[in-house]
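Listed here are the chains, written in short residue letters.
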Amino acid sequence: MTETHYDLLEHHVLVLGYGDLTEPLVEELQNKGVEFVVLTPASDTAAALRQRNIDVLTGDPSDETPLHDAGIESARAVIAATEEDAEDAFSILTARELAPDVRIVAAATHRDNVEKLRRAGADMVVSPAVIGGRLLVRSALGSEDVESVADAIMDEES
């Protein structure tokens, strides 16, 4: 087997899946200069990401071989953030088995699945809908501390 670019990666972030939820993640990783690899089963998505010079592998994020190919053993973190919590759960289970010490973070599309994703092996689960809802309500009610947090997050995007 020949050595590939992915074999040389160390301390990178592995992004499992791709969709509307993962696009801001990819942008943030790029802005921070963090090495990362996207693993997606969609060949058309992979081609579009390659056009943007993003490291991407085509494969099922819940299968062992593509996770090995993406260097999960030397990754610093794994982010599971597709729009399908069940797919994320299978990917988390496989990632945890292959790299027991890697930090795994997941985004729960449905807030009812937060605990399920934790049980699957995620170290941290974020529910964008819950966070967004709470920020909106607290901002609407004039909570200055929440507004400053929201402003700080939004300012990072600029």
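See the structure shown above.
Residues numbered from 1 in each chain as written. Predicted model: local features only at pLDDT ≥ 70, side-chain atom pairs only at ≥ 80, totals over all residues. Heavy atoms only, no water.

K.L.:
Please clarify how the pattern of salt bridges should be interpreted in this entry.
P.N.:
Side-chain pairing between opposite charges can occur once the charged atoms of the two side chains come close. With the rule as written, the count across this model stands at four salt bridges. Measuring nitrogen to oxygen at the nearest pair gives 3.3 Å for the salt bridge that ties Glu115 to Arg118. You can see Glu115 and its partner Arg118 sitting in helix α5 (residues 114–120), three residues apart, about one turn around the helix. Look at Arg118 and you get partly exposed, because its relative accessible area is 38%. (Salt bridge = Lys/Arg side-chain N within 4 Å of Asp/Glu carboxyl O. Helix = DSSP H or I, 4+ residues; strand = E, 2+ residues; numbered from the N terminus. Buried < 20%, exposed > 50% of the residue type's maximum accessible area, 1.4 Å probe, protein only.)

K.L.:
Can you help me understand the side chain of Thr22 in this one?
P.N.:
As for its placement among the helices and strands, Thr22 is situated in the loop between β1 (13–16) and α1 (23–31). A polar atom in the side chain of Thr22 sits 2.5 Å from the backbone nitrogen of Gly19. Beyond its immediate sequence surroundings of up to four residues, Thr22 is in contact with Val15, Gly17 and Ala81. (Polar contact = N/O pair within 3.5 Å; in protein donor to acceptor, adjacent residues only side chain to side chain. Contact = heavy atoms within 4.5 Å.)

K.L.:
What is the right way to look at the pairing of strand β4 (residues 77–80) in this model?
P.N.:
On any regular strand, side chains alternate: one points to one face of the sheet, the next to the other face. Every second residue of β4 is oriented toward a common face, with Ala77 and Ile79 on one face and Val78 and Ala80 on the other, all of them buried. Sheet topology note: the β1/β4 ladder contains four bridges and is parallel. Looking across to β4, one finds that Leu14 is bridged to Val78. You can see the chain leave β4, run along helix α4 (residues 85–98) and come back into strand β5 (residues 103–107), and the turn it takes is right-handed. (Pairing = 2+ DSSP bridges. Right-handed = clockwise from strand over helix to strand, strands pointing away.)

K.L.:
Please explain the layout of surface pockets as it appears in this structure.
P.N.:
Gaps left between atoms show up when a probe the size of a water molecule is rolled over them. Of the voids in this model, the second largest pocket is the one considered here, and its volume is about 180 Å³. Lining the second largest pocket we find 15 residues, and of these Gly17, Pro41, Pro61, Thr82 and Glu87 sit closest to its centre. No other element matches the four residues that α4 contributes to the lining of the second largest pocket. Of the residues that constitute the lining of the second largest pocket, the class distribution is five nonpolar, six polar and four charged. (1 Å grid on protein atoms, 1.4 Å probe; cavity = no way out; pocket = protein on both sides within 12 Å on 5 of 7 lines; lining within 4 Å. Points joined across faces, edges and corners; volume = space filled by probe spheres on them. Nonpolar A, V, L, I, M, F, W, Y, C, P; charged D, E, K, R; others polar.)

K.L.:
What exactly am I supposed to notice about the nonpolar core here?
P.N.:
Buried together is how nonpolar side chains tend to be arranged in soluble globular proteins. Judged by nonpolar contacts, the single largest core of 25 residues is most densely connected at Leu14, Ile72 and Ile92. Elements that contribute at least two residues to this core include exactly β1, β2 (36–40), β4, α4, β5 and α5. Dropping the residues within four chain positions of it, Leu14 is found in contact with Val37, Leu39, Leu67, Ala70, Ile72, Ala77, Val78 and Ile79. Val15, Ala46, Leu49 and Ile79 belong to the second-largest nonpolar core, a separate cluster that totals 14 residues. (Core = buried A, V, L, I, M, F, W, Y, C linked by side-chain atoms within 4.5 Å.)

K.L.:
I'm lost on a negative patch on the surface in this one. Help?
P.N.:
Among the surface-exposed residues, Asp20, Asp60, Asp63, Glu64, Glu83, Glu84, Glu87 and Glu97 lie close enough to one another that they form a single negatively charged patch. In this structure, Glu83 sits in the loop between β4 and α4. You can call Glu83 partly exposed: its relative accessible area is 37%. (Patch = residues over 30% accessible without salt bridge, like charges linked within 9 Å, V, L, I, M, F, W, Y side chains within 5 Å. Areas by Shrake-Rupley, 256 points an atom, 1.4 Å probe, with all protein chains shown as cover. Lys, Arg positive; Asp, Glu negative; His and termini not counted. Charge placed at Lys NZ, Arg CZ, Asp CG, Glu CD.)

K.L.:
Would you explain the pairing of β2 in this entry?
P.N.:
Taking burial as the measure, the five residues of β2 include five buried ones, the bulk of the element. Here β1 pairs with β2 via four bridges, running parallel. Bridge pairing in β2 places Val13 opposite Phe36. The parallel pair β1 and β2, bridged by α1, forms a crossover whose chirality is right-handed. Pairing of β2 with strand β3 (residues 56–58), which is carried by three bridges, proceeds in the parallel orientation. Note on β3: the bridge partner recorded for Thr40 is Thr58. Note on the crossover from β2 through helix α2 (residues 43–51) to β3: the handedness is right-handed.

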